[in-house]
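# Report on the structure
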Amino acid sequence: MNNIPEKAKFALINNFGGPEVFVIVESALPSIKPSQLLIKVHAVSVNPIDWKQRKGNHKFLLGAPFPITLGYDVAGTVMACGEKTKQFAPNDEVLGVLDNKYGGAYGEYVQGSEKCFVKRPKELDKEQAAAMPMVAMTSLQALRDKANLKPGETLLVNGASGGVGHVAVQIGKILGAHVIGVSSGKNEAFVKSLGVDKFIDYKGTNLLELPDKVDVFFDAAGIYAFPKVRHLLNHGGRYVNTLPRPSILWHKALQLFTKGKKAKTLLMKHKPQDLQQIVEWYMQGELKVHIDKQFDLEHIQKAHEYAQKGHSLGKNIILTA
Ligand SMILES: NC(=O)c1ccc[n+]([C@@H]2O[C@H](COP(=O)([O-])OP(=O)(O)OC[C@H]3O[C@@H](n4cnc5c(N)ncnc54)[C@H](OP(=O)(O)O)[C@@H]3O)[C@@H](O)[C@H]2O)c1
């Protein structure tokens, strides 16, 4: 039987606002439902959704159930299993994206549905394991499911040095595409190291005036709406973004006038088979997440201050143990 304490450390927020709203407290562990696991957290990564939710951007959808523990991406050890779980046992090492309202991984323990996790092989360290789930599932589902990217097609990844973009470049290469990576010039060497066939510095080039068209425009950085870039797509080309901007319904209406070009928005889905595929690509040496900065839980404010600038090189993580 695992030794589970009654209390543990959590980074909580008691109101929405800037990074200063975080407080570190000792608090009771969360209880688990029959379909959930209790996880001892080793590492968590910071995603833009975390700092957007900290600001209160989703309060109309999710409410304000303070105190709130944020954080979705987690690597940890299974400490207890709900009676309806089947796949895991105590002491299993796991990674996943939580499906709880507001996440909950910014602490030493978290509860999560069994379907959110896969086992972590020992070759995959906890830092990589915490950094990859959300960005890799987002990129895979955007390119494979929304863009239907085919070998030999040209893929442009806008924001190729960020969390989602730098993984999308690698998945684009795995799927056989000719990949163009766009970021600021200071990150050229990094983006080239990911295997892009061509690099574009968005500060030195007006992306909207590119002479060559592409088959898939993946706006990982969320800069351009479909109407702005549809002229850059080949006939039958696809534009995919990760923010519903303009809205999904507006996308559908616009497509009526775009001669076979399609616009799609990706909202990541919890699919353990996708997470398993990502782990396998890691094990085969085809996919790796770049860790920009590491923080401990006490420095969560600094982690958010840095991440929300929107210029990270890959991912930032928080180590809890
Ligand atoms: N829908 C979903 O399921 C889902 C899942 C994950 C993420 N997302 C969303 O995806 C977006 C990106 O997430 P992320 O984790 O990749 O963020 P990130 O790590 O902060 O990366 C943002 C990247 O954007 C680049 N960038 C900034 N301004 C740019 C510009 N004008 N043109 C081109 N690139 C620019 C930056 O590169 P430089 O430093 O070189 O400027 C940076 O590398 C966020 O809005 C997030 O909420 C959605």
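To be clear, the structure that these remarks concern was listed above.
Here is a short report on the structure shown in this document. Everything numeric here is computed off the predicted structure, so don't read it as measured data.

## Examining the overall build of the protein chain
What the protein chain contains, in helices and strands, is 10 helices and 15 strands. Per-residue burial for the protein chain yields a buried fraction of 47% across its 321 residues.

## Some details on the site of the ligand
Residues in close proximity to the ligand total 30 residues, the closest being G162, G163, S184, M268 and H311. Contributing elements (two or more residues each) for the shell around the ligand: α1 (48-55), α4 (133-146), α5 (163-174) and β9 (178-183). Split by residue class, the shell around the ligand holds 14 nonpolar, 16 polar and no charged. Looking at which domains feed residues into the shell around the ligand, each of domain 1 (7-132 + 289-319) and domain 2 (135-265) gives three or more.

## Describing the packing of α4 against α5
Two measures define how a pair of helices packs: the angle their axes make with one another and the distance between the axes. The contact between α4 and α5 brings their axes to 8 Å, and the two run at 50°. Classified by the angle their axes make, α4 and α5 are oblique. Crossing of α4 over α5 shows right-handed handedness. Across from V135, A136, T138, S139, L140, A142 and L143 in α4, the residues of α5 making contact are G163, V164, V167, A168, I171 and G172.

## Re the packing of α4 against helix α9 (residues 272-283)
Packing of α4 against α9 brings their axes to within 10 Å, and their N-to-C directions diverge by 105°. Between α4 and α9, the angle falls in the class roughly perpendicular. Note on element contacts: α9 touches α4 through D274, L275, Q277 and I278, opposite P133, A136, M137, L140 and Q141. For the contact of α4 with α9, the per-class residue count stands at six nonpolar, two polar and one charged.

## Description of the nonpolar core
I39, V74, V157, A168 and F218 are the most contacted members of the largest nonpolar core, which totals 90 residues. Here this core spans two domains, since at least three of its residues come from each of domain 1 (7-132 + 289-319) and domain 2 (135-265). The contacts of F218, once residues within four sequence positions are left out, are A142, L143, A147, L155, L156, V157, N158, A168 and V240.

## Regarding α9
Relative to the 16 Å expected for 12 residues at 1.5 Å per residue, α9 spans 16 Å between its end C-alpha atoms, a close match to the ideal helical length. Among the residues making up α9, those that are buried are D274, L275, I278 and V279. Looking straight down α9, one finds that the buried residues subtend no more than 140° of arc, so they occupy a single side. Exposed and oriented more than 90 degrees from the buried face of α9 are Q273, Q276, E280 and M283. Against β5 (93-97), β7 (117-119) and α4 lie the buried residues of α9.

## A look at α5
Owing to its 3.6 residues per turn, the α-helix aligns residues three or four sequence positions apart on the same side. The end-to-end C-alpha distance of α5 is 17 Å, a good match for the 16 Å that 12 residues give at a rise of 1.5 Å each. Most of α5 is tucked away: 10 of the 12 residues are buried. Within α5, burial applies to G163, V164, G165, H166, V167, A168, V169, Q170, I171 and G172. Each element contacted by the buried residues of α5 is listed here: α4, β8 (154-158), β9, α6 (188-193), β11 (214-219) and β15 (315-319). Taken from the residues just after α5, G176 is the one with a positive phi, measuring 90°.

Calculation notes
Residues numbered from 1 in each chain as written. Predicted model: local features only at pLDDT ≥ 70, side-chain atom pairs only at ≥ 80, totals over all residues. Helix = DSSP H or I, 4+ residues; strand = E, 2+ residues; numbered from the N terminus. Buried ≥ 20, exposed ≤ 12 C-beta atoms within 10 Å, placed from the backbone. Near = placed C-beta within 6 Å. Nonpolar A, V, L, I, M, F, W, Y, C, P; charged D, E, K, R; others polar. Domains from an automatic or database assignment. Axes fitted to C-alpha atoms, helices over the stretch in contact; angles between N-to-C directions. Parallel < 35°, antiparallel > 145°, perpendicular 65-115°, else oblique. Left-handed = near helix turned anticlockwise from the far one by under 90°. Contact = placed C-beta atoms within 7 Å. Core = buried A, V, L, I, M, F, W, Y, C linked by C-beta atoms within 7 Å. Expected span 1.5 Å × (residues − 1). Arc of directions from axis to C-beta.

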